[in-house]
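Observations on chain architecture
Single-letter residue listing:
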Amino acid sequence: MVVSGLLSAPIRGDDAAVVKKAKFAFQACTDRTFSETIGLRSPEVEVVNKYGGFPILGGRYGGANPEPSWNEIADIAAEFGISIFFTPSLYADALNASRNLLRISSDGMGIPVQFRPMASESYEDAIEEGFQDMVKQPATAQRVQSTQSTIPAMEVLLRKLVLKLKRAMGSERSDEYLYGRVANVSNFLKGIYSAGYIPEGTEIGPIVNDTSATVVTLRQLNEWTALHFGNTVQLDWVEYTRRLLQYTQVEVDADFLILRPLEMETMLFGILNWVRMNDWEIVKSAALLRAFTYTAADSDVETRKDFEDYLVQTGKTVYPRWQYCARKIMDTTGTLSLALAVTYEYQARVFNTTSMRTAAALVANLRSTFKEVIEAANWMDEESKAAAQTKADNIAVLLGYPDFATDAAALEVFYENLPIASWDHYANAKKLRAFQLAYALNMVSYRNRTAWDKSPLDVNAYYNRQNNRIVFPVAMLNPLFFQGSSSLLDYSRIGTVIGHEITHGFDGQGFLYNAQGVIERWWTDQTLENFSDNTQCFIDQYSQYPIPEINDTLSGSGSLNENLADNGGLRTALQAFQKLRALDADSYKLPTGQELGAAQLFFIGYGTMWCNSESISYLKSVVASCESTTSCHARASMRVNGVVSNMEEFAAAFQCPVGAPMNPATKCRLW
């Protein structure tokens, strides 16, 4: 609501240029007059014409049907900021703290993300899930005769997009024929999602002879591709990568380094082989349809309606137009484009900037207290404690927003290559997505631990292991989490969040990374053994909590890291507050007549932060996530009751008898 109010306000004479740009983007996004009455009709046609046709329409509408062009695929991916057959992403080199690398991975039917933390449901999430559901269906052409109720929702949307283009361009191919071609697209994407096809008995040679090499050059990739495919795959990795990065300032040549993860050769061979095995008509049409789905919510009224039907069919949220537009411009998906322009206006007109000093002091106090927690950890030897202290000292803190977000001139330079029209939202949407991808990949050229790569307006704090940094966006500095008065509730809410993120640097994955974010064995064998012994208690504890709504339980192993962070965060926040209160007790007196003690109010404040209503589908997704990852979050009640039941202070505050559910005789403790 606050952001939409800022963006919908009339343009003022004193508005900074970047603020006007953000308001123009919002105006174009919400303008129904242009999209519904003036003439925005099938904007996809312009894209089709630019790229030489939409092949499955056939005839002059399908283009000249050239040989597969990987350069064209790269151009589409860069222009729309999406993954097409491969996914480019930024990788903070875990073995070298001075550099980032470009990673080329298989296309998981998602958009390129560098590190996208959990966020509220987005249209991008709905699209990704739709593609993934579609390609997981059995590969078949029998869906041609199927009704729309019996085929995947994403395939229904693709059909509608194709039929609209058929009408707009005048293709004479029948609907039934096109349904069959869409089924072929679906089958092709299934192969991409499955990492392509490798015939049995195929021998795949290494890109380099050194099996321990973690990077390879584009020259070496070209040599490897030519050796395995000859002239049957027309892919020049130098030019392909240059085009992927065309909107960045990164220089690409034959010596350009990219990450070489395990099984890279297998992944590359499978995808390249699968693409060359398929009809180019299907390959190129699949690429364009991938692009058109990600701009469906930004298209003409017909496609927007088709996309909303898809959201309803899949049980996803359909946001009011104003809300969708505000979310898009403030980058709620954990990306960064116009969010800094909105941040400039937010900090100038809404945010109490003096509270930033209070927040900084809070972070400093939590860090100092966690160092005391390290020193008191009886399961660590002195050598490991010293290394842990160094890491705690070296945590980079990104608080609020980047400094230049308050500098209109600096922001104007930052956005100089992002033109925005006040009337053409479809073009704006493409440019915003391309800018998001280019901004992230531009950091391939340098490593800066303090560079912001996500929206400051995203309500999500997080820790990044590869850079040993914690991020607390300005959106977290609001009354739900933060009063800005160093109050008891500040410590029990955002103080716990701060402690949570600090603790992640020392959890079951954090201990693998040293103070610079490089993978290194920096704990002794004995400390690691003690760590394992102590964490088993948490695994056992959280595994025994029932989820009666779905008659299931949670994986204590899968949720271990988040449970360690929850427990360590609340303990550290309580200790920090108690220490501060002892130094200046008069500043922390409870209101007159308050019947709750300070400790009771502290724990209640923590608990109320997790008030929510969890659907059956959400609970199922939590369980599934904890089975497939090592960093899933437990359900809200476990994140409260599981933590406080491990704390003697809670039992004392509420006089819980030993053996009661909230005061078990055996308690788990690490930090």
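Residues numbered from 1 in each chain as written. Predicted model: local features only at pLDDT ≥ 70, side-chain atom pairs only at ≥ 80, totals over all residues. Heavy atoms only, no water.

Below, the discussion takes up the layout of surface pockets. If a probe as big as a water molecule is rolled over the atoms, it shows which places are left empty. What the second largest pocket holds in volume is close to 620 Å³. If you list the elements that add at least two residues to the lining of the second largest pocket, you get α18 (408–414) and α19 (425–442). With 8 residues, the top contributor of residues to the lining of the second largest pocket is α19. Classifying every residue of the lining of the second largest pocket by side-chain character gives 14 nonpolar, 4 polar and 4 charged. (1 Å grid on protein atoms, 1.4 Å probe; cavity = no way out; pocket = protein on both sides within 12 Å on 5 of 7 lines; lining within 4 Å. Points joined across faces, edges and corners; volume = space filled by probe spheres on them. Helix = DSSP H or I, 4+ residues; strand = E, 2+ residues; numbered from the N terminus. Nonpolar A, V, L, I, M, F, W, Y, C, P; charged D, E, K, R; others polar.)

Under the criterion given, the structure shown has 7 cavities of 30 Å³ or more. Put simply, the largest cavity is a space of about 200 Å³. Put simply, the parts of the chain that give the lining of the largest cavity at least two residues each are α6 (123–135), α14 (321–329) and α19. For the lining of the largest cavity, the element with the highest residue contribution is α19, accounting for 4 residues. Taken together, the residues of the lining of the largest cavity break down into 5 nonpolar, 5 polar and 5 charged.

Under the definition given, this model contains 38 salt bridges. Residue Lys50 pairs with Glu79 through a salt bridge whose shortest N-O separation is 3.1 Å. Here Lys50 is found in helix α4 (residues 44–50), whereas its partner Glu79 is found in helix α5 (residues 70–80), with 29 residues between them in sequence. Relative accessible area serves as the criterion here: at 54%, Lys50 is assigned to the exposed category. Of the charged contacts, one joins Lys316 and Glu129 as a salt bridge, the two residues approaching to 2.4 Å between their closest N and O atoms. With Lys316 in the loop between α13 (301–313) and α14 and Glu129 in helix α6, this pair connects stretches of sequence that are 187 residues apart. Connected via shared salt-bridge partners are Arg12, Asp14, Asp15, Lys23, Glu345 and Arg349. (Salt bridge = Lys/Arg side-chain N within 4 Å of Asp/Glu carboxyl O. Buried < 20%, exposed > 50% of the residue type's maximum accessible area, 1.4 Å probe, protein only.)

On to the pairing of strand β2 (residues 100–106), then. Burial analysis of β2 places 5 of its 7 residues in the buried class, the great majority of the element. Relative to β2, strand β1 (residues 86–92) runs antiparallel, the two being bridged by 7 bridges. Bridge assignment links Pro88 to a residue of β2, and that residue is Ile104. (Pairing = 2+ DSSP bridges.)

Moving on, we get to α13. Between its first and last C-alpha, α13 extends 18 Å over 13 residues, near the 18 Å set by a 1.5 Å rise per residue. For α13, the full list of buried residues reads Thr303, Arg304, Asp306, Phe307, Tyr310 and Leu311. The buried residues of α13 occupy an angular sector of 160° when the element is viewed end-on, so they sit on one face. At the exit of α13 stands Gly315, carrying a positive phi of roughly 75°. (Expected span 1.5 Å × (residues − 1). Arc of directions from axis to C-beta.)

Another aspect to go through is the side chain of Gln347. For Gln347, the position within the fold is in helix α15 (residues 339–349). The exposure class of Gln347 is buried, given its relative accessible area of 12%. A distance of 2.9 Å separates the side chain of Gln347 from the backbone oxygen of Tyr344, its partner in a polar contact. What Gln347 contacts, discounting residues up to four positions off in sequence, is Thr353, Tyr401, Ala405 and Thr406. (Polar contact = N/O pair within 3.5 Å; in protein donor to acceptor, adjacent residues only side chain to side chain. Contact = heavy atoms within 4.5 Å.)

All right, on to the environment of Leu101 then. Positionally, Leu101 belongs in strand β2. For Leu101, a relative accessible area of 3% gives the class buried. Those residues in contact with Leu101, other than ones at most four positions away along the chain, are Ser89, Leu90, Tyr91, Asp93, Val215, Leu257, Leu259 and Val444.

Attention shifts here to the packing of aromatic side chains. Across all of its chains, the model carries 37 aromatic pairs by this definition. Ring geometry for Trp379 against Phe531: centres 5.9 Å apart, planes inclined by 50°, an arrangement best described as tilted. Taken together, the residues span a long stretch of sequence, with Trp379 in the loop between α16 (355–376) and α17 (382–393) and Phe531 in helix α22 (residues 525–543) at a distance of 152 residues. An identical accessibility class is assigned to Trp379 and Phe531; each is buried. A centroid spacing of 5.1 Å and a plane angle of 65° characterise the contact between Trp379 and Trp671, whose relative ring orientation is edge-to-face. A residue pair is termed long-range when its members are at least 10 positions apart, and Trp379 in the loop between α16 and α17 and Trp671 in the segment after α27 (648–654) qualify at 292 residues. Both residues of the pair, Trp379 and Trp671, count as buried. In this structure an aromatic cluster arises from ring pairing among Phe370, Trp379, Phe506, Phe511, Trp522, Trp523, Phe531 and Trp671. Sitting above the plane of the Tyr179 ring, Arg159 keeps its charged end 4.0 Å from the centroid. Here the guanidinium or amino end of Lys391 rests over the ring plane of Phe506, the centre of that ring lying 5.6 Å away. (Phe/Tyr/Trp six-rings, centres within 6.5 Å; stacked < 30°, edge-to-face > 60°. Lys NZ or Arg CZ within 6 Å of the ring centre and 35° of its normal.)

What follows is about the sheet that holds strand β5 (residues 396–400). With mixed pairing, the 3 strands of this open sheet are ordered in space as β5-β7-β6. Looking at the sheet topology across the chains shown, the edges are occupied by β5 and β6 (462–464). Direction aside, the axes of adjacent strands within the sheet are offset by 15° on average. Pairing geometry for β5 and strand β7 (residues 469–473), over 5 bridges, is parallel. By the bridge assignment for β7, Leu398 is matched with Val471. (Axes fitted to C-alpha atoms, helices over the stretch in contact; angles between N-to-C directions.)

Another aspect to go through is the packing of α5 against α19. Packing of α5 against α19 leaves a shortest axis separation of 6 Å and a crossing angle of 100°. Between α5 and α19, the angle falls in the class roughly perpendicular. Together, Ala77, Ala78, Glu79 and Phe80 of α5 and Tyr426, Lys430, Arg433, Ala434 and Leu437 of α19 make up the contact between the two elements. Classifying every residue of the contact of α5 with α19 gives 6 nonpolar, no polar and 3 charged. (Parallel < 35°, antiparallel > 145°, perpendicular 65-115°, else oblique.)

Let's shift gears to the pairing of β7. A large share of β7 lies buried, amounting to 5 of its 5 residues. Count of turn residues in the β6/β7 antiparallel hairpin: 4 residues, of which Asn468 carries a positive phi of about 45°.

The values are spatial; any link to function lies outside them.
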